[in-house]
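Overview (structure and organization)
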Amino acid sequence: MIDGVSSLQNAAHSIRKQIINVAYHAPSDGVHISPSLSMVDILAVLYGEIMRYQPHNIMSRERDTFILSKGHGALGLYATLQQFNIITQKQLNTFEINGSVLQVHPTKCPEYGIDFSGGSLAQGLSFATGLALGRRLSHEAWHTYVLVGDGECNEGAIWESAFMAAHYGMDNLTLLVDRNGLQSDGFTRDVLSMDLEALWRACHWETIVCDGHDVPALLGAFAAPHHGKPKVIIADTIKGKGVSFMENNKDFHRNRLSAQQLSDALAELGEEK
């Protein structure tokens, strides 16, 4: 497992470099950079070890499914899809170009491994809940994973889905909360303070808290039993993780990179411009 952990850590590192490079070249007035960086380790573990799928047969029904509800982290998803050979580097490089599938928020495109159109927050969990319930009714053994942000948990639709999933004992559903402590308007504790652990336990979900940048901790959280319930992994992360001047810096929720910032970020990540 040591070699496996190292491989996943290296994958996460590569994904972060892709995010920085692609964000710099995007033809727009700003990219959601730091929300993408916070969830990288979660996605690296999910796609690199946990989910069952075939990269070159990604449209098959016989696979686990990932739903990105936190749509503004789309670039993190796209870079992950490239890292694990679901899309090509050429496709990734079309990010935000007119006519490209890969826009600022995900647009459903099964052949790219994108199963949900994101953008309006708090919709992904309800979609994932319906998908997981449908699979149960069809006696399909595949799992559904969905990722939301901690700020996204401010929205009521999250909790409607939470109650439904618990009511049906949907142990084929895992929710990932990217708890990076920041949202577009500021620190989540200042915008709307929520005790997420207590809330999810009150909803009767199997609730686990872990370091969202610690690969062994994430592997352990994924492996933990559901006990007949849907499971939530509250992953404590740092917004902008990996680039010091972006970490916990609200300015990079959506921003452009200067040439100097690109150079500085890549130097921190161990790559020359």
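Refer to the structure printed above.
Think of each chain on its own: its residues are numbered from 1, step by step along the sequence as written. For a predicted model such as this one, the threshold for reporting local features is a pLDDT of at least 70, and the threshold for listing and counting side-chain atom pairs is 80 or more; totals across whole chains, interfaces and linings nevertheless cover every residue. Note that the side-chain values use all heavy atoms of the structure and ignore hydrogens as well as water.

1. A short note on the pairing of strand β1 (residues 65-68)
Classification of residues uses two cut-offs on accessible area relative to the type maximum, computed with a 1.4 Å probe and protein chains only: under 20% is buried, over 50% is exposed, and between them is partly exposed. A helix here means a DSSP run of H or I that spans at least four residues, while a strand means a run of E at least two residues long, and both kinds are numbered starting from the N terminus. The two faces of β1 match: Thr-65 and Ile-67 on one face and Phe-66 and Leu-68 on the other face are all buried. What makes two strands pair is DSSP finding at least two bridges between them. Here β1 pairs with strand β2 (residues 144-149) via four bridges, running parallel. Its bridge partner lying in β2, Leu-68 is registered against Leu-147.

2. Focus: empty space enclosed by the protein
Cavities and pockets were defined on a 1 Å grid built from protein atoms only: a cavity is a group of points that admits a 1.4 Å probe but offers it no way out, a pocket is an open group of points flanked by protein on both sides within 12 Å along at least five of seven lines, and a lining residue is one with an atom within 4 Å of any such point. Grid points are joined across faces, edges and corners, and a volume is the space filled by probe spheres set on the points. Scanning all chains against the criterion turns up two cavities of 30 Å³ or more. The calculated volume of the largest cavity comes to roughly 60 Å³. Three classes are used, and their members are as follows: Ala, Val, Leu, Ile, Met, Phe, Trp, Tyr, Cys and Pro are nonpolar, Asp, Glu, Lys and Arg are charged, and the others, Gly among them, are polar. Across the lining of the largest cavity, the residue classes break down as five nonpolar, two polar and three charged. Here the second largest cavity defines a volume of roughly 30 Å³. For the second largest cavity, the full set of lining residues is Phe-66, Ile-67, Leu-68, Leu-77, Pro-106, Ile-114, Asp-115 and Phe-116.

3. Quick look at the packing of helix α3 (residues 40-50) against helix α10 (residues 215-223)
It is at 10 Å that the axes of α3 and α10 come closest, and there the two elements cross at 60 degrees. Judged by the angle between their axes, α3 and α10 are oblique. In this structure, α3 crosses over α10, and the sense of that crossing is right-handed. Residue-level inspection shows Asp-41, Ile-42, Val-45, Leu-46, Glu-49 and Ile-50 of α3 in contact with α10, the latter providing Val-215, Leu-218, Leu-219 and Phe-222. For the contact of α3 with α10, a count of residues per class yields eight nonpolar, no polar and two charged. Here an angle of 0 to 180 degrees is reported between the N-to-C directions of two axes, which are lines fitted to C-alpha atoms, with helices fitted over the stretch in contact. Under this scheme an angle from 65 to 115 degrees is roughly perpendicular, one under 35 degrees roughly parallel, and one over 145 degrees roughly antiparallel; angles in between are oblique. If you view the pair so one helix is near and one far, a crossing is left-handed when the near helix is turned anticlockwise from the far one by less than a right angle, and right-handed when it is turned clockwise. Throughout, a contact is declared for two residues whenever any of their heavy atoms are within 4.5 Å.

4. Let's talk about the packing of aromatic side chains
Pairing of aromatic side chains requires ring centres within 6.5 Å, counting the rings of Phe and Tyr and the six-membered ring of Trp. Pairs whose planes differ by under 30 degrees are stacked, by over 60 edge-to-face, and all others tilted. Enumeration over the complete set of coordinates arrives at nine aromatic pairs. Their ring planes at 70 degrees and their centres at 6.0 Å tell us that Tyr-145 and Phe-222 sit as a pair that is edge-to-face. Residue Tyr-145 is located in strand β2, and its partner Phe-222 is located in helix α10; the two are separated by 77 residues in the primary sequence. There is no split in this pair, since Tyr-145 and Phe-222 are both buried. For the pair Trp-159 and Trp-200, a centre-to-centre distance of 4.5 Å together with 40 degrees between the ring planes defines the contact as tilted. Taken as a pair, Trp-159 in helix α7 (residues 156-167) and Trp-200 in helix α9 (residues 196-202) lie far apart in primary sequence, 41 residues in all. Judged by relative accessible area, which is 13%, Trp-159 ranks as buried. Given a relative accessible area of 0%, Trp-200 falls into the buried group.

5. Quick word on unusual backbone geometry
Excluding glycine, most residues fall at negative phi; most peptide bonds, likewise, are trans. The backbone of Glu-96 sits at a positive phi, close to 70 degrees, despite the residue not being glycine. As for its position among the elements, Glu-96 is in the loop between α5 (89-92) and α6 (124-137). Positive phi is not limited to glycine here, since His-227 has a value of about 55 degrees. Within the secondary structure layout, His-227 lies in the loop between α10 and β7 (231-236). By relative accessible area, which is 57% here, His-227 ends up exposed.

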